[in-house]
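Listed below, chain by chain, are the residues.
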Amino acid sequence: MSVDAFITETTIQGDDDGPLSGLTVAVKDNISTEGVRTTCGSEMLADYVPPYDATVVERLKAAGATLVGKTNMDEFGMGTTTETSAFGPTKNPVDESRVPGGSSGGSAAAVAAGEADAALGSDTGGSVRCPAAFCGVVGIKPTYGLVSRYGLVAYANSLEQIGPLAPTVEGAAEVLEAIAGPDERDATTREAGADADYASAADGDVDGLSIGVPTELIEGADDRVVEQFRASLDDLEAQGAETHEVSLPSVERAVQAYYVIAMSEASSNLARFDGVRYGPESDVEGNWNESFAQVREDGFGDEVKRRVLLGTYALSAGYHDRYYAKAQDARAWLKRDFDEALSEADVLASPTMPVLPFELGESLDDPLQMYLADANTVPVNLANLPAISVPAGRADGLPVGLQLIGPTFGERAIIRAASAVE
Ligand code: GLN
């Protein structure tokens, strides 16, 4: 039965032989695909067909993968449930009365429902890890700069990375291997980590591994989630890992800092949707301002409008220092906290999401509740670090995700640790 994971279905065969030959891959609909419409879950781009492939899509094809479709998502990646999509919600394959998480909910649902062997999502503040956790699959948010963003429609470019989702850690690592590495069309990509063999790290060997557990990432979580999380840590200890508490004091400002930075970047990135550069032409016979306003009034949903307004406000003269500059400060403090915690541990562990998957419709009228659910994922993006979400059993029949966070370009360490959780 369909869970409405796709906005557009297609079949595009990759090269004949490559490491991903025979693998079917679904791609989030904010990643450009030549000749296949790329909507970002928005009315604004409902008819937009890119003339080129994103670097990651080129690389998937070159590795032999078959592209099976473009997946549903929160509009422009703004959300945690996939319900802000202009194309309607996707259902969670584990329990169809629940959301699949977001914003890459279609990608996670496609993998969980067996409609694709693997998928790509984008993670600005948790959008790969949250849906992976809610749907019971594996999702990786790579170190900033490991994967090219060329062809990704930008939401908040200083925070986001494209990452893989798959049923297993090894499967996700194989896709990461195919898409990672420098790209001259994205100047923020780096050489480091490019040649790493990620799949071979999934060997389940955690003997002697030191795992730091940030107390702040457990405090606000649902008891049922924490119980499952602790059981997974016990299991890792039984396999030879050592765990100890660490502290990330600045994490208390992370959600606020994230939303100021993400909305500020979004307000600037989304200025291109004006009906001239991108978006449908307006038939308003007024001046350019009137026509521009009408295209945006019709083309954007409520969540996108809210963020463009707040982001524009945070960047405006007189308020910049009060909001944006402070958020950047908080970001720098958080990076220092992570450096310190990771000097005392190989990886850090937390619940991926502090809550179980919401009922469909439950969080739609309460944006603040939705933002707070990102408490454990956004700190990782602010610090540009790699993290993975791996299924860690169920509570009340619903999947719980365990998040492992590594040092910069420490993908192999988190992949190794995650493979011992499976
Ligand atoms: N839920 C977060 C937000 O709405 C993260 C989204 C994402 O990673 N694209 O911004």
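Just so it is clear, the model here is predicted, and its values are computed rather than measured.

1. Considering the domain arrangement of the protein
In terms of domains, the protein is made up of domain 1 (6–249 + 332–419) and domain 2 (251–331). Domain 1 and domain 2 are separated by 25 Å when their C-alpha centres are compared. Contact residues are listed per partner, giving 34 residues for domain 1 and 27 residues for domain 2. Among the elements that take part in the side of domain 1 that touches domain 2, helix α10 (residues 324–343) stands out by supplying four residues, more than any other. The class makeup of the residues in the side of domain 1 that touches domain 2 is 22 nonpolar, seven polar and five charged.

2. Re the packing of helix α7 (residues 254–269) against α10
As a packed pair, α7 and α10 sit with axes 9 Å apart at the nearest point and diverge in direction by 125 degrees. With respect to α10, the axis of α7 lies oblique. You can see that α7 and α10 cross each other, and the crossing is left-handed. Residue-level contacts link Ala254, Ala257, Val260, Ile261 and Ser264 of α7 to Tyr324, Ala327, Ala330, Arg331 and Leu334 of α10. Classifying every residue of the contact of α7 with α10 gives eight nonpolar, one polar and one charged.

3. So, the nonpolar core
The tendency in soluble globular proteins is for nonpolar side chains to be buried as a group. With 131 residues, the main nonpolar core has Val25 and Leu165 as its most contacted residues. The leading source of residues in this core is α7, at ten residues. Each of two domains, domain 1 (6–249 + 332–419) and domain 2 (251–331), supplies a minimum of three residues to this core. Not counting chain neighbours up to four residues away, the residues in contact with Leu165 comprise Ser107, Ala108, Val111, Ala118, Ala119, Gly121, Val128, Ala132, Val137, Val138, Gly139 and Ala172.

4. Overview of the site of the ligand
Around the ligand, the structure places 13 residues, and the nearest of them are Gly77, Thr80, Thr124, Gly125 and Ser127. Partitioned by chemical class, the residues of the shell around the ligand number three nonpolar, eight polar and two charged.

The rules behind the values
- Residues numbered from 1 in each chain as written.
- Predicted model: local features only at pLDDT ≥ 70, side-chain atom pairs only at ≥ 80, totals over all residues.
- Domains from an automatic or database assignment.
- Contact = placed C-beta atoms within 7 Å.
- Helix = DSSP H or I, 4+ residues; strand = E, 2+ residues; numbered from the N terminus.
- Nonpolar A, V, L, I, M, F, W, Y, C, P; charged D, E, K, R; others polar.
- Axes fitted to C-alpha atoms, helices over the stretch in contact; angles between N-to-C directions.
- Parallel < 35°, antiparallel > 145°, perpendicular 65-115°, else oblique.
- Left-handed = near helix turned anticlockwise from the far one by under 90°.
- Core = buried A, V, L, I, M, F, W, Y, C linked by C-beta atoms within 7 Å.
- Buried ≥ 20, exposed ≤ 12 C-beta atoms within 10 Å, placed from the backbone.
- Near = placed C-beta within 6 Å.

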